[in-house]
Amino acid sequence: MTVTIALVGDYNPNVTAHQAIPKALDLAVKNLGLTVTFDWVATSDIDCPDAKILDGYNGIWCVPASPYQSFDGALSAIRRARESRIAFLGTCGGYQHAILEYARNVLGLADAANAEIDPNASLPLIAPLSCALIDQDGGIDLAENSVIRKVCGAAHLTETYRCSFGFNPEYAHVLDGRDLRIVAWDRDRDPRAIELRGHPFFIGTAFQPERAALRGEDHPLINAFVRAAAG
């Protein structure tokens, strides 16, 4: 079986995560016995949830290296994955934009914004981290009964970040009781991952699991994403 993945973001060969992602997919398919093809899809080429450029893909991975060329394009791709029940993975910037997409299109919070793009935002769901995490490892606690905990087979992870912005903990309450829920926290109890209840596979992480591939290691989260894309 061939699985097709759309890598939504603005490809830059100098971005470490962009170097790692093809390697991560190669490692995943070796373990799963599948064939994967992928395309880098620029956010500027996606203008609505029904953008034809995303037709036919089994999975959508919204990749790191934001701000993107098109904020609306990134949100449109994520909305397509959410509403059409396409396997979705969002890492780093993709995680941030998954939160914003849900806040705007499901919760009706039209002012939900990324302070990296709009420093004067009235509702900065994405805000500067108290301490930037540039190529740093950190410990993460995973929620019981979460997909990510089941997939990773552990209650705790140590993962690598490259970010200066993240989900503003002051607004974490907006997801209380919602289908999109926080499922991972750092040691200071700041949010580090989300997943969507009732969706076949919809996970976003502040950390970059793809970086394991740079050490020649597969990552269970990426394996699970590819498996979900295969149906």
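Residues numbered from 1 in each chain as written. Predicted model: local features only at pLDDT ≥ 70, side-chain atom pairs only at ≥ 80, totals over all residues. Heavy atoms only, no water.

A. Representation of the packing of aromatic side chains within the structure. Overall, the coordinates contain four aromatic pairs when judged by the stated rule. For the ring pair tyrosine 11 and tryptophan 40, a centre distance of 4.7 Å and an interplane angle of 45° mean the geometry is tilted. Within this pair, whereas tyrosine 11 is found in the loop between β1 (2-8) and α1 (16-32), its partner tryptophan 40 is found in strand β2 (residues 35-41), the two being separated by 29 residues in sequence. Tyrosine 11 sits in the partly exposed class, given a relative accessible area of 46%. According to the relative accessible area criterion, tryptophan 40 is partly exposed, its value standing at 26%. The interplanar angle of 75° and the centroid separation of 5.9 Å between the aromatic rings of tryptophan 61 and phenylalanine 225 together place this pair among those described as edge-to-face. Placement of tryptophan 61 in strand β3 (residues 59-62) and of phenylalanine 225 in helix α5 (residues 220-229) is noted, with a sequence separation of 164 residues between them. When sorted by exposure, tryptophan 61 lands in the same class as phenylalanine 225, which is buried. In this structure, arginine 189 packs its charged tip against the face of tryptophan 185, placed 4.3 Å from the ring centre. (Phe/Tyr/Trp six-rings, centres within 6.5 Å; stacked < 30°, edge-to-face > 60°. Helix = DSSP H or I, 4+ residues; strand = E, 2+ residues; numbered from the N terminus. Buried < 20%, exposed > 50% of the residue type's maximum accessible area, 1.4 Å probe, protein only. Lys NZ or Arg CZ within 6 Å of the ring centre and 35° of its normal.)

B. Region of the structure containing the pairing of strand β10 (residues 202-205). Where burial is concerned, the two faces of β10 agree: the one with Phe202 and Gly204 and the one with Ile203 and Thr205 are both buried. Examined bridge by bridge, strand β4 (residues 87-91) and β10 share four bridges and lie parallel to one another. Bridge pairing in β10 places glycine 90 opposite glycine 204. Here strand β9 (residues 191-196) pairs with β10 via three bridges, running antiparallel. For glutamate 195, the partnering residue across the bridge sits in β10 and is isoleucine 203. Linkage of β9 to β10, two consecutive antiparallel strands, is achieved through a turn of five residues, within which glycine 198 is found at a positive phi near 80°. (Pairing = 2+ DSSP bridges.)

C. Just unusual backbone geometry, in detail. Following serine 66, the chain continues to proline 67 via a peptide bond in cis, the omega torsion being 5°. Structurally, proline 67 can be placed in the loop between β3 and α2 (71-84). Although it is not a glycine, alanine 65 sits at a positive phi angle of roughly 90°. Looking at the secondary structure, you find alanine 65 in the loop between β3 and α2. Accessibility expressed as a relative area gives 29% for alanine 65, which makes it partly exposed.

What is shown is where atoms sit, not what they do.
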